[in-house]
Amino acid sequence: DQQVKQNSPSLSVQEGRISILNCDYTNSMFDYFLWYKKYPAEGPTFLISISSIKDKNEDGRFTVFLNKSAKHLSLHIVPSQPGDSAVYFCAASRAGGGADGLTFGKGTHLIIQP
Amino acid sequence: EAQVTQNPRYLITVTGKKLTVTCSQNMNHEYMSWYRQDPGLGLRQIYYSMNVEVTDKGDVPEGYKVSRKEKRNFPLILESPSPNQTSLYFCASSVLGSYEQYFGPGTRLTVT
């Protein structure tokens with residue numbers, strides 16, 4: 001069973017507009033959530049994270065929102081830029097500093113159109 | 001430069017021929033982990049290690065072995081590779097207790 005779900009395999013957004021990537025989870029034990037960005041032929045790189053005690057975290061153009069009751073989080077990118085074209089993975093971790101690793105979604109391929 | 005390195009980056013092998021994929025990090029991280037990425041499945045954890053001589057199974061450990069004899073190295077061993085182990089493999093490391101993991105560039109393995 002998939003505990004972290006990214007239901008949109010791909011998303012196309014015009015440059016300068018807002019990109020919204022969604023993620024749902026099923027495991028109530030998850031208490032920390034991360035977004036990773038991946039370019040072709042490279043490893044994933046950390047983008048932004050949020051603890052379950054918060055509902056929003058902002059870092060420049062990137063904001064992550066967490067709705068615990070709905071078990072849903074989203075990543076907003078404003079404004080979207082061509083360099084944002086990549087695969088974005090949502091990941092979740094259980095309490096304890098992630099000792100048993102991260103559970104990843106399948107990823108969403110974001111394409112920024114000029 | 002702080003980094004996680006993996007070797008080789010690409011490998012084509014035959015069924016049953018033992019192979020090792022090396023992983024090394026220069027950040028003095030206690031925690032290291034291996035993931036595999038398959039189309040439509042995202043990244044799945046194979047094994048992880050919280051320190052030297054401490055390793056544990058992840059979600060998909062069958063067919064793999066690991067060892068952690070030194071803090072900086074965490075090799076992934078396939079004793080008898082099979083075609084279903086054809087995949088893209090990532091090594092990652094982090095400070096123990098930190099959720100943020102640093103990933104290597106990946107190793108694309110093809111088993112024929």
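Scroll up to find the structure.
Counting restarts for each chain, with residues numbered from 1 along the sequence as it is written. As they are written, the chains are lettered A onward and the ligands numbered 1 onward, keeping that order. Local features in this predicted model are restricted to residues of pLDDT 70 or higher, and side-chain atom pairs are both shown and tallied only at a pLDDT of 80 or more, whereas totals for entire chains, interfaces and linings draw on every residue. Excluding hydrogens and water, the side-chain values take into account all heavy atoms of the structure.

(A) Geometry of unusual backbone geometry. A cis amide bond links A:Val78 to the next residue, A:Pro79, at an omega of -15°. Inspection of the secondary structure puts A:Pro79 in the loop between strand S8 (72-77) and strand S9 (86-94). Looking along the chain, the bond that leaves B:Asn7 and enters B:Pro8 is cis, with omega of -5°. If you trace the backbone, B:Pro8 turns up in the loop between strand S1 (4-7) and strand S2 (10-13). A positive phi angle, close to 60°, is found at B:Asn28, a residue other than glycine. In this structure, B:Asn28 sits in the loop between strand S3 (19-25) and strand S4 (31-38). For B:Asn28, a relative accessible area of 52% puts it in the exposed group. Segments assigned H or I by DSSP are reported as helices when at least four residues long, segments assigned E as strands when at least two residues long, and all are numbered from the N terminus. Per-residue accessibility, obtained with a 1.4 Å probe over protein chains only, is compared with the maximum for each type, and a residue is labelled buried under 20%, exposed over 50%, and partly exposed between these values.

(B) Highlighting the state of the cysteines. Sulfur atoms of two cysteines make up a disulfide when they are within 2.5 Å. A complete count under the given rule lists two disulfides over all chains for this structure. Between the sulfur of A:Cys23 and that of A:Cys90 lies a disulfide, 2.0 Å long from S to S. Where A:Cys23 bonds to A:Cys90 through sulfur, the torsion about that S-S bond is close to -75°, and the disulfide is left-handed. Note that A:Cys23 is positioned in strand S3 (residues 19-25) and A:Cys90 in strand S9, a separation of 67 residues in sequence. Comparing A:Cys23 with A:Cys90 shows no difference in burial state: the two are buried. Paired through a disulfide, B:Cys23 and B:Cys91 show a sulfur-sulfur distance of 1.8 Å. As the torsion about the S-S bond is roughly -75°, the B:Cys23-B:Cys91 disulfide counts as left-handed. Taken as a pair, B:Cys23 in strand S3 and B:Cys91 in strand S9 (residues 87-94) lie far apart in primary sequence, 68 residues in all. For the pair B:Cys23 and B:Cys91, a shared accessibility class is recorded, and that class is buried.

(C) Region of the structure containing the sheet that holds strand S6 (residues 56-59) of chain A. Residue and element names in this part refer to chain A. Read from one edge of the open sheet, five strands run S1-S3-S8-S7-S6, paired in antiparallel fashion. Two strands lie at the open edges of the sheet, namely strand S1 (4-5) and S6, each paired on one side alone. By definition, two strands form a pair when at least two bridges between them are found by DSSP. Sheet topology note: the S1/S3 ladder contains two bridges and is antiparallel. Paired with Val-4 across the strands is Tyr-25, a residue of S3.

(D) Quick look at the interface of chain A and chain B. Note on contacts: a residue pair is in contact if any heavy atoms of the two residues lie within 4.5 Å. Each partner contributes residues to the interface: chain A has 24 residues there, and chain B has 20 residues. The quantity reported as buried area is the accessible area (1.4 Å probe) lost by two parts once they are put together, taken as the sum for both. Counting the surface lost from both chain A and chain B, the interface buries some 1700 Å², and carbon and sulfur atoms represent 60% of this. Every case where a carboxyl oxygen of Asp or Glu lies within 4 Å of a side-chain nitrogen of Lys or Arg is listed as a salt bridge. Summed over the shared surface of chain A and chain B, the result is zero salt bridges. For this analysis, a polar contact is any N or O atom pair within 3.5 Å, provided that within protein one partner can donate a hydrogen and the other can accept it, and provided that sequence-adjacent residues contribute only side-chain to side-chain pairs. Inspection of the region where chain A meets chain B yields five residue pairs in polar contact (both at pLDDT 80 or more). The element that contributes the greatest number of residues to the side of chain A that touches chain B is strand S4 (residues 30-38) of chain A, accounting for five residues. Grouping the amino acids of the side of chain A that touches chain B by side-chain chemistry returns 11 nonpolar, seven polar and six charged. Ten residue types, Ala, Val, Leu, Ile, Met, Phe, Trp, Tyr, Cys and Pro, are classed as nonpolar, four, Asp, Glu, Lys and Arg, as charged, and the remainder, Gly among them, as polar.

(E) Quick look at the packing of aromatic side chains. Pairing of aromatic rings covers Phe, Tyr and the six-membered ring of Trp, with a centre-to-centre limit of 6.5 Å; geometry is then stacked below 30 degrees between planes, edge-to-face above 60, and tilted otherwise. Following the criterion strictly, the structure yields 13 aromatic pairs over all chains and no others. A centroid spacing of 6.0 Å and a plane angle of 75° characterise the contact between A:Tyr36 and A:Phe46, whose relative ring orientation is edge-to-face. Taken together, the residues span a long stretch of sequence, with A:Tyr36 in strand S4 and A:Phe46 in strand S5 (residues 45-51) at a distance of 10 residues. Exposure remark for A:Tyr36: the relative accessible area of 0% places this residue in the buried category. Between the aromatic rings of A:Tyr36 and A:Phe104, the centroid separation amounts to 5.8 Å while the plane-to-plane angle is 55°, which identifies the pairing as tilted. In this pair, A:Tyr36 is assigned in strand S4 and A:Phe104 in strand S10 (residues 103-104), connecting sequence segments 68 residues apart. Accessibility classification places A:Tyr36 together with A:Phe104 in one group, the buried group. Through a chain of ring-to-ring contacts, the aromatic side chains of A:Tyr36, A:Phe46, A:Phe89, A:Phe104, B:Tyr35, B:Phe90 and B:Phe103 assemble into a single cluster.

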